[in-house]
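Working through the structure, step by step
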Amino acid sequence: MSVTNFLQKDSYMSNTSRSLLSGFVGGLAGSAVKSLIEQFLPVRKIEQRSAQIKIVDELSTKITGTPVSIQNEALAEQLVNIPIGGSLGAAYGYGKKDRNGLRPMDGVIFGATTWASTHETSLPILGLEPKPTDIPIRMQMNELFAHVAFGITTELVRHYLEKQLRE
């Protein structure tokens, strides 16, 4: 059985495969859009390091004995963003496998809940970001906007690819 035939069949495995793949690619595209927005809208204070950099820095120190160099911080940040965005997108795609059609509002909800479950709760609890009450509201709204754009982009790309793989 070829990959083309497998993806075009209308079985549980084919639907799941299409959904995971289209969601994964959508999440990658969403991560790229989110990163681009964050280049123009400040989401943290200048001296504040991102949670991604803190994670990679700690890992680098444990493995190599040295932290990530300043020149490599942007790359290191994307080494966390890309797999997380792809994984979240795949989970989103799987959740939408039985819901055909473009639903941008689902993307808005996906992006907003991703923001709320990371920047407003888990990252501050883990000590990787300041408490939400310690972050200026404008930066919080910029971060929320970037996450909503992530969610909408994920939905748009997911829908397009799902449709292309189905046809």
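Residues numbered from 1 in each chain as written. Predicted model: local features only at pLDDT ≥ 70, side-chain atom pairs only at ≥ 80, totals over all residues. Heavy atoms only, no water.

Attention now goes to the environment of Pro104. For Pro104, the location among the structural elements is in helix α5 (residues 104-125). Sequence spacing of Pro104 and Ile152 is 48 residues, and the spatial spacing of their C-alpha atoms is 5.8 Å. In this view, Pro104 contacts Ile152 and Glu155; residues no more than four positions away in its chain are not counted. (Helix = DSSP H or I, 4+ residues; strand = E, 2+ residues; numbered from the N terminus. Contact = heavy atoms within 4.5 Å.)

With that out of the way, let us pick up the packing of aromatic side chains. All told, the structure shown has 2 aromatic pairs when counted by the stated rule. Ring plane angle 25 degrees and centroid distance 4.4 Å describe the contact between Tyr92 and Phe110, whose orientation is recorded as stacked. Highlighted residues: Tyr92 in helix α4 (residues 73-95) and Phe110 in helix α5, separated in sequence by 18 residues. Of the two residues examined, Tyr92 and Phe110, each falls in the buried class. (Phe/Tyr/Trp six-rings, centres within 6.5 Å; stacked < 30°, edge-to-face > 60°. Buried < 20%, exposed > 50% of the residue type's maximum accessible area, 1.4 Å probe, protein only.)

Counting 5 residues, the largest nonpolar core consists of Ile53, Val56, Val68, Ala76 and Val80. Contributing elements (two or more residues each) for this core: α3 (51-64) and α4. (Core = buried A, V, L, I, M, F, W, Y, C linked by side-chain atoms within 4.5 Å.)

The subject of this paragraph is α4. With 23 residues, α4 extends 33 Å from end C-alpha to end C-alpha; this agrees with the ideal 33 Å at 1.5 Å per step. Residues of α4 that are buried: Glu73, Ala76, Glu77, Val80, Asn81, Gly85, Gly86, Gly89, Ala90, Tyr92 and Gly93. On the buried face of α4, the contacting elements are α2 (12-40), α3, α5 and α6 (137-166). (Expected span 1.5 Å × (residues − 1).)

Right, let's talk about a nonpolar patch on the surface for a bit. Together, Tyr12, Met13, Leu20 and Tyr94 make up an exposed nonpolar region whose accessible area comes to about 410 Å². At 3 residues, α2 tops the list of elements feeding residues into the nonpolar patch. Looking at the secondary structure, you find Leu20 in helix α2. (Patch = residues over 30% accessible without salt bridge, like charges linked within 9 Å, V, L, I, M, F, W, Y side chains within 5 Å. Areas by Shrake-Rupley, 256 points an atom, 1.4 Å probe, with all protein chains shown as cover. Salt bridge = Lys/Arg side-chain N within 4 Å of Asp/Glu carboxyl O.)

Here Ser50 is to be found in the loop between α2 and α3. You can call Ser50 buried: its relative accessible area is 4%. Here the side chain of Ser50 touches Ile53 through a polar contact of 3.2 Å, landing on its backbone nitrogen. In contact with Ser50, not counting residues within four places along its chain, are Arg44 and Glu77. (Polar contact = N/O pair within 3.5 Å; in protein donor to acceptor, adjacent residues only side chain to side chain.)

Attention now goes to the packing of α3 against α4. The N-to-C vectors of α3 and α4 enclose an angle of 95 degrees; their axes lie 8 Å apart at closest approach. What the angle tells us is that α3 and α4 run roughly perpendicular. Mapping the contact onto sequence places Gln52, Ile53 and Val56 in α3 and Glu73, Ala76, Glu77, Val80 and Asn81 in α4. For the contact of α3 with α4, the per-class residue count stands at 4 nonpolar, 2 polar and 2 charged. (Axes fitted to C-alpha atoms, helices over the stretch in contact; angles between N-to-C directions. Parallel < 35°, antiparallel > 145°, perpendicular 65-115°, else oblique. Nonpolar A, V, L, I, M, F, W, Y, C, P; charged D, E, K, R; others polar.)

So, on to the packing of α4 against α6. Between α4 and α6, the least distance of the axes is 11 Å, while the angle of their chain directions is 60 degrees. The angle between α4 and α6 places the two elements in the oblique class. Two packed elements cross with a definite hand, and for α4 against α6 that hand is right-handed. From α4, Gly85, Leu88, Gly89, Tyr92 and Gly93 reach across to α6, where they touch Phe150, Thr154, Glu155 and Arg158. Of the residues that constitute the contact of α4 with α6, the class distribution is 3 nonpolar, 4 polar and 2 charged. (Left-handed = near helix turned anticlockwise from the far one by under 90°.)

Moving on, we get to the pattern of salt bridges. Using the criterion set out here, one finds 11 salt bridges in the structure. Connected via shared salt-bridge partners are Lys96, Arg99, Asp106, Glu155 and Arg158.

Along the polypeptide, Glu38 turns up in helix α2. Exposure remark for Glu38: the relative accessible area of 16% places this residue in the buried category.

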